[in-house]
Amino acid sequence: MPENLSDNDSKIIRTKKNKSMGISRDTVFVTGSIDLPFLALTIALLTIGLIMLFSASYPYAYYNYNHNSYYFFTRQLIFSIIGLVAMFVMSKINYKWLRVAAMPLLAVTILLLIIVLFYHTKIPGAADFKRFIPVGPLTFQPSDLAKFTIILTFAVYISNYYGQMKTFKYGILFPLGIIAVFCGLIFLEHHMSCTILMFLIGATLMWVGGSDWKLFAFGLAVLVLVVFMVITFPDLLESYAGERIKAWLDKDYDPSGSRWQTNNSLYAIGSGGLFGTGLGNSKQKYLYVSEPQNDFIFSIVCEELGFIGAAIIIVLFGALVIRGLIIAARCHDRFGAILVIGVVAQIGIQVGLNIMVVTDTIPNTGIALPFFSYGGTAMMMLLFEIGVVLSVSRKASQKKV
């Protein structure tokens, strides 16, 4: 700082710099009303998710956690309460301050994604999986943080270079570089489902951000070719991923191994019929669907609530995504709009992939169902992201002067 500037002058310069980013010290907290429909849909899905988690998980918890049928439910409830606190706190903070946190968060996330490759909990029966960092009696999954980090990174990038997104350099090359870093590190964890999810989130934000559709279409054609090659030659992938593709293509392949979970998921869905067997009355959750509290919880939902109940839940998810897009459309700045689109895209893509997996529409990728599947880091990060959307909704509800 030049010596001839007074402390008051330097303060004015810092204030002007912050205001050029749309923030100032006086706007740490945001006023305005939150979007009540979005909040109501969130609470509804969270409540139904907790009820179904308990119903789906208590037999497995009883047999595997010292006869404690409430093991998963109580932990998920605690994570949900912490997440709700984070959601409401974040909803009061001006989302524009996330610009300041973007680069430090990116650095921390990449560091954690590297650390987990060398320091991680051992997963029984899956020694090559490197997904969780042990933190005392708990674990932390960096890939859950990475989902929000890539959204925030793209929101900052696109808002800064929107006018140049039609060019190959800024619209394709640099965004693909960002995606490659995240997907590459997560792929090394042997976490194929999250690798796919991260790619789809990034590709969605590239499209929304204005990447040239011709170049985008070319990239999509290449992707389709890669998928075709992988399906035709599944041995090109890691052994566990290749086995899942083989099990998807051949319905008679290894019924007591690779097909076990998917087959029992289909049995659960089929036995649910139109109205379901009733809450708590699933038979497949009694150690047939492996770990029913996780990726295949939707099959238990279908069995107990039937087609009608499952359809209502899908409608609620669809309404949440649509309401998020309405909030984004009403937002007065591109950064906030991209943030909201990224969050609801993540939710929508996860829901779509999860349902396609449990119905055997695509190979088993092991992807969680938002608000339903057990996972502390995932639940807390999801509710924090909902808080970001609610923060944007406060500003979106204000008329631009």
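In short, a report on the structure.

Criteria and cut-off values
Residues numbered from 1 in each chain as written. Predicted model: local features only at pLDDT ≥ 70, side-chain atom pairs only at ≥ 80, totals over all residues. Heavy atoms only, no water. Axes fitted to C-alpha atoms, helices over the stretch in contact; angles between N-to-C directions. Helix = DSSP H or I, 4+ residues; strand = E, 2+ residues; numbered from the N terminus. Parallel < 35°, antiparallel > 145°, perpendicular 65-115°, else oblique. Left-handed = near helix turned anticlockwise from the far one by under 90°. Contact = heavy atoms within 4.5 Å. Nonpolar A, V, L, I, M, F, W, Y, C, P; charged D, E, K, R; others polar. Salt bridge = Lys/Arg side-chain N within 4 Å of Asp/Glu carboxyl O. Buried < 20%, exposed > 50% of the residue type's maximum accessible area, 1.4 Å probe, protein only.

1. Remarks on the packing of helix H7 (residues 192-209) against helix H12 (residues 334-358)
Next up, step 1: Two elements in contact, H7 and H12, have axes separated by 10 Å at closest approach and are oriented at 140°. When the axes of H7 and H12 are compared, the pair comes out oblique. You can see that H7 and H12 cross each other, and the crossing is right-handed. The residues of H12 that touch H7, namely those facing Ile196, Leu197, Leu200, Ile201, Thr204, Leu205 and Val208, are Ile338, Ile341, Gly342, Ala345, Gln346, Ile349, Gln350 and Leu353.
Next up, step 2: Of the residues belonging to the contact of H7 with H12, the class tally is eleven nonpolar, four polar and no charged.

2. Some points on the pattern of salt bridges
Next up, step 1: Throughout the structure, instances matching the rule amount to four salt bridges.
Next up, step 2: Here aspartate 35 ties to arginine 323 by a salt bridge, and the two come within 2.8 Å at their closest N and O atoms. In this pair, aspartate 35 is assigned in the loop between helix H1 (7-20) and helix H2 (36-64) and arginine 323 in helix H11 (residues 297-330), connecting sequence segments 288 residues apart.
Next up, step 3: Residue aspartate 35 is classed as buried on the basis of its relative accessible area of 9%.
Next up, step 4: With its nearest N and O atoms 3.1 Å apart, the salt bridge here joins arginine 259 to aspartate 360. Pair noted here: arginine 259 is in the loop between helix H9 (239-249) and helix H10 (260-272) and aspartate 360 is in the loop between H12 and helix H13 (376-396), with a separation of 101 residues, a long-range link.
Next up, step 5: A relative accessible area of 11% means that aspartate 360 is categorised as buried.

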